[in-house]
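# Chains, contacts and geometry: an overview
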Amino acid sequence: MLTLDREQISVPSYSILNDSIKETFAAIDRFEWQAIEELRLMLDNSYYKDAGYKSFEIYCNEELTKYGGYRRVRDLLAAKKVVDSLPDELKDKITKPSQTRPLLKLVKTPDKLHEAVAIAAKETPFPTAADFAKAVNKVAPKAKRFTENQNNQTQLCHSVKVSSQSHPRCGEEGVIESDPPNPTQQIVTFADAEKLLVNNADLNNLSNDAIVSFSSERTYPKEYSEAIATLKQQHQQELERLEQELRIGLLSEATASAEARVQEQLSSVQKLFQQQKQQNIDLQQRLDEMEGLRQLELENQRLQQRIQELENAVQKRPSQQWGNTMTQQATKVLNKQVKQALEKTIDLRSLAVEPPKENPQECLRLMGIALGNLASAMNNAQALRAAAIILGSEPTQSAIAYRAEQLQLLPQAVNDIRRVLAKPGCSWWDYLEVATEYEVIKADYLAELTPQETDLITVLEKSAQPPTIGLGSIVAHADIYCALYNARGEVIEDLGDEVWVAWEHWKDKPKKTDRYFKDELRLL
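This is a predicted model, so every value here is computed, not measured.

### Digging into unusual backbone geometry
For residues that are not glycine, phi is negative in most cases, and the peptide bond is trans in most cases. Phi at Ser46 takes a positive value of approximately 55 degrees, unusual for a residue other than glycine. By the secondary structure assignment, Ser46 is in the loop between α1 (14–45) and α2 (56–63). Looking at Ser46, the relative accessible area reads 24%, which means it is partly exposed.

In structure tokens form, the structure reads like this:
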């Protein structure tokens, strides 16, 4: 009968497993030293800057946090420094970086470091951190310090044991070598030279007594304590004063910034208003041009209709019936029109006999234009200079011709400006819209206007200007932090840049008035 053997499961022997464990620990130690070499290469060549890190510490805390960060890297580099300080025959006695912690204090004294490692290697072939710590204490023992008041000392250099079951070092013994950082904890140095901060509740000394941390705060005499309290109070008052000044400065800065923003917004609004006004003027000019074109179109249609009627009438009546069509009434109308045209002309002979009865300025301008034409025709320099003096231009043909073209616009300019001024409710902007077209002959058309019309223009210009501080103005102080910001006063005397102000709330006081610059006040 055939049977199958049960599958044999291979179980590792002791020797194989033991060798594997040793090789694993050796690999761990080897990779740890390899990591130290790579860290030193990163630090020496500053490769961490290629990734944007400003310092090696920042690189360690960012990239190596889960491996212990900069603190562990610093310990590893220090371990490498200790090994490098040893001679070749002692370097193999340190198998992992954690064994070098008790030896760090001897790095600056290489002789003592060599002696401590040699002592530890002599006592045991594979020394641990505790063996190196004992050797360091033999080579460089700590001097005990005593003070007068030993009752207030913590248990320095006392051996203690971790008694808390929840602590990872429960049952291990250590030594307190330094003052406690706070009343509830101690700094304990264990056998592997590692220092940990342990709660007093987790510690007992070897006699199972509780560990107590006494306060190390200094006490001062009464007079010193009072002086210190006074200095603290003065310091607090100074801090409050500085805080108040900082708050006021920030408020002033915020106010100035707000005022600057408001001024900027006002300037932008004014610029927008000017642009809108110019657009309105352009639109009005286009509307006027369109209205003129429409009137011309109507007049053209009317003339075309009249021409058509006349052509029809000519076709209906024979040519011999048109012999005497000038009636007596038509003759009177024609004579009247001719007479009116002759009345508007200026006769040089009449001007030579007596001065003109009306429009002397127009006569003078026409005389200047006539002299300019005569000078051009006769090439007479004296006539040219006389024409330039009368017209107010340079004594050249081009300047006189340009001036003559400007003066031809004068009658139309005077009519347009008088038409605008005659409108009910005329404003400065209405006048300015028309006057802008005739800016080059402003002096000429102002001379043609009556005194009443020029006074009206002056009044319109003043009404368009922003109000200013003057005699009788009601004002207040412009500084928001001044006590007179909400006060009310009246200007009783104007001195130009300065004014005298009578304040209402000073009526019952001896001093009722005061003198200010105008830019220090604001209108109410």
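Read on for the rest.
### Quick word on the nonpolar core
Within the largest apolar cluster, 29 residues are counted, with the highest numbers of intra-cluster contacts made by Phe56, Tyr59, Ile94 and Leu103. Every element with two or more residues in this core is listed here: α1, α2, α3 (69–85), α5 (110–123) and α6 (129–139). When residues in this core are grouped by element, the largest group, five residues, is from α3. Beyond its immediate chain neighbours, meaning those up to four positions away, Leu103 contacts Val82, Ile94, Leu113, Ala116, Val117, Phe132 and Val136. Core analysis: the second largest hydrophobic core is formed by 17 residues, Ala413, Cys426, Tyr431 and Ile457 among them.

### Structural notes on the side chain of Glu453
Here Glu453 shows up in helix α16 (residues 451–464). The residues touching Glu453, leaving out its near neighbours within four places in the chain, are Arg418 and Leu421.

### Topic: the side chain of Ser164
Here Ser164 is to be found in the loop between β1 (158–162) and β2 (173–176). A residue is classified by how much of its surface remains accessible, and Ser164, at 15% relative accessible area, is buried. A distance of 3.4 Å separates a polar atom in the side chain of Ser164 from a polar atom in the side chain of Asp202. In contact with Ser164, not counting residues within four places along its chain, are Cys170 and Asp202.

### Details of the packing of helix α11 (residues 381–391) against helix α12 (residues 397–408)
Axis separation between α11 and α12 bottoms out at 10 Å; the angle between their running directions is 35 degrees. Judged by the twist between their axes, the crossing of α11 over α12 is left-handed. From α11, Leu384, Ala387, Ala388 and Leu391 reach across to α12, where they touch Gln397, Ile400, Arg403 and Leu407. Grouping the constituent residues of the contact of α11 with α12 by class yields six nonpolar, one polar and one charged.

### A word on the sheet that holds β2
Spatially, the five strands line up as an open sheet ordered β4-β3-β2-β1-β5, and their pairing is antiparallel. Among the strands making up the open sheet, the edge pair consists of β4 (195–199) and β5 (203–205). Along the sheet, successive strands turn relative to each other by an average axial angle of 45 degrees, direction set aside.

### Structural notes on a nonpolar patch on the surface
A grouping of Leu17, Ile21, Phe25 and Ile28 is seen on the molecular surface, where their side chains present a nonpolar patch of about 390 Å² in accessible area. Considering the arrangement of structural elements, one finds Ile28 in helix α1. Taking relative accessible area as the criterion, Ile28 reaches 44% and is therefore assigned partly exposed.

### Side note on the sheet that holds strand β7 (residues 489–494)
Within a beta sheet, neighbouring strands are joined by backbone hydrogen bonds and run either parallel or antiparallel to one another. Reading across the sheet, the five strands line up as β9-β8-β7-β6-β10 and stay open at both edges, with antiparallel pairing between neighbours. Two strands close off the open sheet at either side, each with one partner strand: β9 (513–517) and β10 (521–523). Direction aside, the axes of adjacent strands within the sheet are offset by 45 degrees on average. Alignment of strand β8 (residues 498–503) against β9, held across five bridges, turns out to be antiparallel. Its bridge partner lying in β9, Trp500 is registered against Arg515.

### A closer look at the pairing of β2
Only one face of β2 is buried, namely the one carrying Gly174 and Ile176, since none of Glu173 and Val175 on the opposite face is buried. When β1 meets β2, the two strands line up antiparallel, connected through four bridges. Counted as the bridge partner of His158 is Ile176 from β2. Note that β2 and strand β3 (residues 185–190) share three bridges and pair antiparallel. Paired with Ile176 across the bridge in β3 is Val188.

Scoring rules and cut-offs
Residues numbered from 1 in each chain as written. Predicted model: local features only at pLDDT ≥ 70, side-chain atom pairs only at ≥ 80, totals over all residues. Heavy atoms only, no water. Helix = DSSP H or I, 4+ residues; strand = E, 2+ residues; numbered from the N terminus. Buried < 20%, exposed > 50% of the residue type's maximum accessible area, 1.4 Å probe, protein only. Core = buried A, V, L, I, M, F, W, Y, C linked by side-chain atoms within 4.5 Å. Contact = heavy atoms within 4.5 Å. Polar contact = N/O pair within 3.5 Å; in protein donor to acceptor, adjacent residues only side chain to side chain. Axes fitted to C-alpha atoms, helices over the stretch in contact; angles between N-to-C directions. Left-handed = near helix turned anticlockwise from the far one by under 90°. Nonpolar A, V, L, I, M, F, W, Y, C, P; charged D, E, K, R; others polar. Pairing = 2+ DSSP bridges. Patch = residues over 30% accessible without salt bridge, like charges linked within 9 Å, V, L, I, M, F, W, Y side chains within 5 Å. Areas by Shrake-Rupley, 256 points an atom, 1.4 Å probe, with all protein chains shown as cover. Salt bridge = Lys/Arg side-chain N within 4 Å of Asp/Glu carboxyl O.

Note that all results are geometric; they support no functional claim without further evidence.
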